[in-house]
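# Survey of secondary and tertiary structure
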Amino acid sequence: MRIFLYICFLTLPAFFAGAQSDDREALVFNQFKRYAACKLTQLSVQHGSASYVTKASVNKVCGDCNKPPTFERLIATLESKRAIDNARLVQQIRDLELPPQYRPLNEASLLRFFREGFFRSGQLKEFAGDRLSPDGKYSSQKELFKQTQADIEAYISRLFQEAALSQAPEEEANADEPPQEAQYREPTAAEEEAPVKVQSPVISQAGDDRPHYLLWALTLLNTLLLGWLLLQRNKKRKQRHVASGSSSTTSKMSMATSELKHLKEEVEKLRNELIELRNANNKSKTAAPEEKAPKATTPPPSFEPQTYYFEVPNPQGYFLAEKASSQYKEGRSIFVLNRYNEQEADFRLVESPAAYELAMQFRKEVLHPVSVIAEGNDWLHGKRLEVIRPGRARLEQGKWVVTEKMVIQYV
């Protein structure tokens with residue numbers, strides 16, 4: 001247990017470092033997108049590409065681009081003035097995601113993304129092409145567009161300095177130098193088809209990844225050690241299981257032997273009872289003299305009700321008369337049959353928890369042949385069984401054939 005906690009303690013910093021790195025990267029990239037959207041919108045509005053929007057109305061929302069507004073306010077203002085192109089431009093900037101080849105995020109990689117991939121497609125590509133192409137729609141704004149790019153690049157450098165994400169001494173020495181002039185170019189076909197190189201998403205300077213690699217190497221080592229410990233634990237469990245399995249097998253065999261012996265005794269007992277019944281039947285046939293028939297005027301003797309107990313009915317829907325028992329047997333008797341004349345009787349479940357439990361456990365064998373479920377009721381949600389109306393049976397050729405099934409319900 002102590003080793004497991006130690007491994008978890010060493011592994012957690014790696015995961016927390018990765019999560020914190022992702023949050024910081026997203027924060028810096030979103031600040032960059034907001035500033036770029038503000039500057040490009042001001043350039044577009046200031047030089048007449050959006051005829052329905054005035055510079056004052058945009059500045060009222062944008063203010064100083066160093067403290068840009070939310071995208072929702074900026075887009076809402078532009079759309080209310082019918083500047084659809086600017087709204088689409090801002091929306092595309094908002095939807096931008098940093099491609100994997102520009103990670104880990106630092107000042108150099110973000111500048112490279114802005115120069116190579118920012119104006120690469122969609123509305124942004126058209127926006128840059130109209131100003132940088134000699135025959136572009138707004139080619140007269142070429143110098144102003146380059147100045148806007150330079151302002152955005154300068155903001156990128158300032159953004160990393162303010163966030164304390166750039167630690168290299170040479171970058172701190174050059175913090176006050178003027179930003180380089182933007183060098184926008186169309187990506188070549190080879191660059192567009194170049195494979196993407198995925199790097200670990202940790203914000204750091206290029207060439208300073210040794211702590212990062214050491215951290216992940218330590219995480220990998222801890223994972224392997226944890227896997228080895230789990231394998232050893234599983235081996236010990238299997239050994240204990242095999243040892244306990246042999247003892248349980250022996251006990252099961254002894255139980256099976258005792259049950260088999262008990263069944264043999266029951267079979268022998270039933271056999272003796274059957275022999276006695278056959279002998280008694282033969283004696284009654286040979287010893288009793290032939291009685292004279294009663295006179296026609298003498299009324300027939302009244303029938304005395306009889307009670308029989310049965311176990312499982314026949315699947316065809318009847319009880320064999322020869323299997324009837326005049327005594328209740330706990331754990332074996334399930335149905336009770338009340339005979340009220342020579343040929344007819346009614347039946348129901350024995351009022352015993354054991355009988356109801358057997359009926360619930362073996363519905364198909366016990367209940368289905370001789371009972372029906374009440375209308376609107378089912379056994380899926382019931383936990384207890386109730387008999388609504390007893391069933392009826394008729395004695396035919398040694399069988400109590402069910403003429404009216406017992407009605408039950410589950411509650």
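Use the structure listed above.
This report concerns the structure included in the present document. Predicted, not measured: the structure shown is a model, and the values here were computed from it.

Ordered by their spatial adjacency, six strands build an open sheet running S1-S3-S4-S7-S8-S2, and the pairing between neighbours is antiparallel. The outermost strands of the open sheet, each flanked by one partner alone, are strand S1 (306–310) and strand S2 (318–320). On average, adjacent strands in this sheet sit at an angle of 30 degrees to one another, irrespective of strand direction. In the sheet, S1 pairs with strand S3 (residues 335–339) via five bridges, with the strands oriented antiparallel. Looking at the pairing, Tyr309 lines up with Val336 of S3.

Among the surface-exposed residues, Ile373, Trp379 and Leu380 lie close enough to one another that they form a single nonpolar patch of about 300 Å² accessible area. Note that Trp379 resides in the loop between strand S5 (371–373) and strand S6 (385–389). Looking at Trp379, the relative accessible area reads 40%, which means it is partly exposed.

Structurally, the α-helix is built with 3.6 residues per turn, so residues lying three or four positions apart point the same way. All buried positions along helix H11 (residues 353–361) are accounted for by Ala354, Ala355, Tyr356, Ala359 and Met360. Considering only its buried residues, H11 is in contact with strand S4 (344–349), helix H12 (363–366), S6 and strand S9 (406–410).

Evaluation of the coordinates by the stated rule reveals 18 aromatic pairs. Taking the centre distance of 6.4 Å and the plane angle of 75 degrees together, the rings of Phe32 and Phe113 count as edge-to-face. With Phe32 in helix H1 (residues 2–46) and Phe113 in helix H5 (residues 107–116), the pair connects residues that are 81 residues apart, well separated along the chain. Measuring from centroid to centroid gives 5.3 Å for Phe114 and Phe118, while their planes differ by 50 degrees, and the two rings are tilted. Through a chain of ring-to-ring contacts, three or more aromatic side chains come together here, namely Phe29, Phe32, Tyr102, Phe113, Phe114, Phe118, Phe119, Phe127 and Phe145. Over the ring of Phe127 we find Arg131; its NZ or CZ atom is 3.7 Å from the centre of that ring. When the ring centre of Tyr318 is taken as reference, the NZ or CZ atom of Lys399 above it lies at 4.7 Å.

A surface patch of like charges, here positive, comprises Arg233, Lys236, Arg237 and Arg240. Position of Arg233 among the secondary structure elements: in helix H10 (residues 210–287). Assessed through its relative accessible area of 49%, Arg233 is described here as partly exposed.

Right, let's talk about the sheet that holds S5 for a bit. The three strands lie next to each other as S5-S9-S6, forming an open sheet whose pairing is mixed. In this open sheet, the two strands that pair with only one neighbour each are S5 and S6. Strand-to-strand twist of the sheet, defined as the mean angle between neighbouring strand axes without regard to direction, takes the value 40 degrees. Relative to S9, S6 runs antiparallel, the two being bridged by four bridges. Across the sheet, residue Glu386 finds its bridge partner in S9, namely Gln409.

This part is about the layout of surface pockets. By volume, the largest pocket amounts to about 840 Å³. Lining the largest pocket are 22 residues, with Leu270, Glu322, Lys323, Ala324 and Lys329 positioned closest to its centre. The set of elements that each furnish at least two residues to the lining of the largest pocket consists of H10, S1 and S2. Among the elements that make up the lining of the largest pocket, the one with the highest residue count is H10 (four residues). Along the lines of polarity and charge, the residues of the lining of the largest pocket split into 11 nonpolar, five polar and six charged.

The tendency in soluble globular proteins is for nonpolar side chains to be buried side by side. Among the nonpolar cores identified, the biggest contains 33 residues, and Phe32, Leu40 and Phe118 are the most heavily contacted of them. No other element matches H1, which puts nine residues into this core. Sequence-distant contacts of Phe118, that is, excluding residues within four places in its chain, are made with Phe32, Ala36, Leu40, Ile93, Leu96, Phe113 and Leu124. Of all hydrophobic cores here, the second largest spans 23 residues; its members include Val366, Val370, Trp400 and Tyr410.

Okay, the environment of Gln31 next. Along the chain, the position of Gln31 falls in helix H1. In this structure Gln31 comes out as partly exposed when scored by relative accessible area, which is 26%. The spacing of Gln31 and Tyr155 is 124 residues in sequence and 9.8 Å in space, taken between C-alpha atoms. Dropping the residues within four chain positions of it, Gln31 is found in contact with Tyr155 and Leu159.

Another point: the pairing of S9. S9 sits mainly inside the fold: four of its five residues count as buried. Pairing of S5 with S9, which is carried by three bridges, proceeds in the parallel orientation. Bridge pairing in S9 places Ile373 opposite Ile408.

Take the pattern of salt bridges next. Between side chains of opposite charge, pairing is possible as soon as their charged atoms come close. Following the criterion strictly, the structure yields 10 salt bridges and no others. Lys39 serves as the salt-bridge partner of Asp151, at 3.6 Å between the closest nitrogen and oxygen. Of the two residues, Asp151 sits in helix H7 (residues 142–162) while Lys39 sits in helix H1, which places them 112 residues apart along the sequence. On the basis of relative accessibility, which here comes to 16%, the residue Lys39 falls in the buried class. With a closest N to O distance of 3.7 Å, Arg332 and Glu266 form a salt bridge.

For H7, built from 21 residues, the straight-helix expectation of 30 Å at 1.5 Å per residue is met to within 8% by its first-to-last C-alpha distance of 30 Å. Within the span of H7, buried status applies to Phe145, Lys146, Thr148, Gln149, Ala150, Ile152, Glu153, Tyr155, Ile156, Ser157, Leu159 and Phe160.

What counts and what doesn't
Residues numbered from 1 in each chain as written. Predicted model: local features only at pLDDT ≥ 70, side-chain atom pairs only at ≥ 80, totals over all residues. Heavy atoms only, no water. Pairing = 2+ DSSP bridges. Helix = DSSP H or I, 4+ residues; strand = E, 2+ residues; numbered from the N terminus. Axes fitted to C-alpha atoms, helices over the stretch in contact; angles between N-to-C directions. Patch = residues over 30% accessible without salt bridge, like charges linked within 9 Å, V, L, I, M, F, W, Y side chains within 5 Å. Areas by Shrake-Rupley, 256 points an atom, 1.4 Å probe, with all protein chains shown as cover. Salt bridge = Lys/Arg side-chain N within 4 Å of Asp/Glu carboxyl O. Buried < 20%, exposed > 50% of the residue type's maximum accessible area, 1.4 Å probe, protein only. Contact = heavy atoms within 4.5 Å. Phe/Tyr/Trp six-rings, centres within 6.5 Å; stacked < 30°, edge-to-face > 60°. Lys NZ or Arg CZ within 6 Å of the ring centre and 35° of its normal. Lys, Arg positive; Asp, Glu negative; His and termini not counted. Charge placed at Lys NZ, Arg CZ, Asp CG, Glu CD. 1 Å grid on protein atoms, 1.4 Å probe; cavity = no way out; pocket = protein on both sides within 12 Å on 5 of 7 lines; lining within 4 Å. Points joined across faces, edges and corners; volume = space filled by probe spheres on them. Nonpolar A, V, L, I, M, F, W, Y, C, P; charged D, E, K, R; others polar. Core = buried A, V, L, I, M, F, W, Y, C linked by side-chain atoms within 4.5 Å. Expected span 1.5 Å × (residues − 1).

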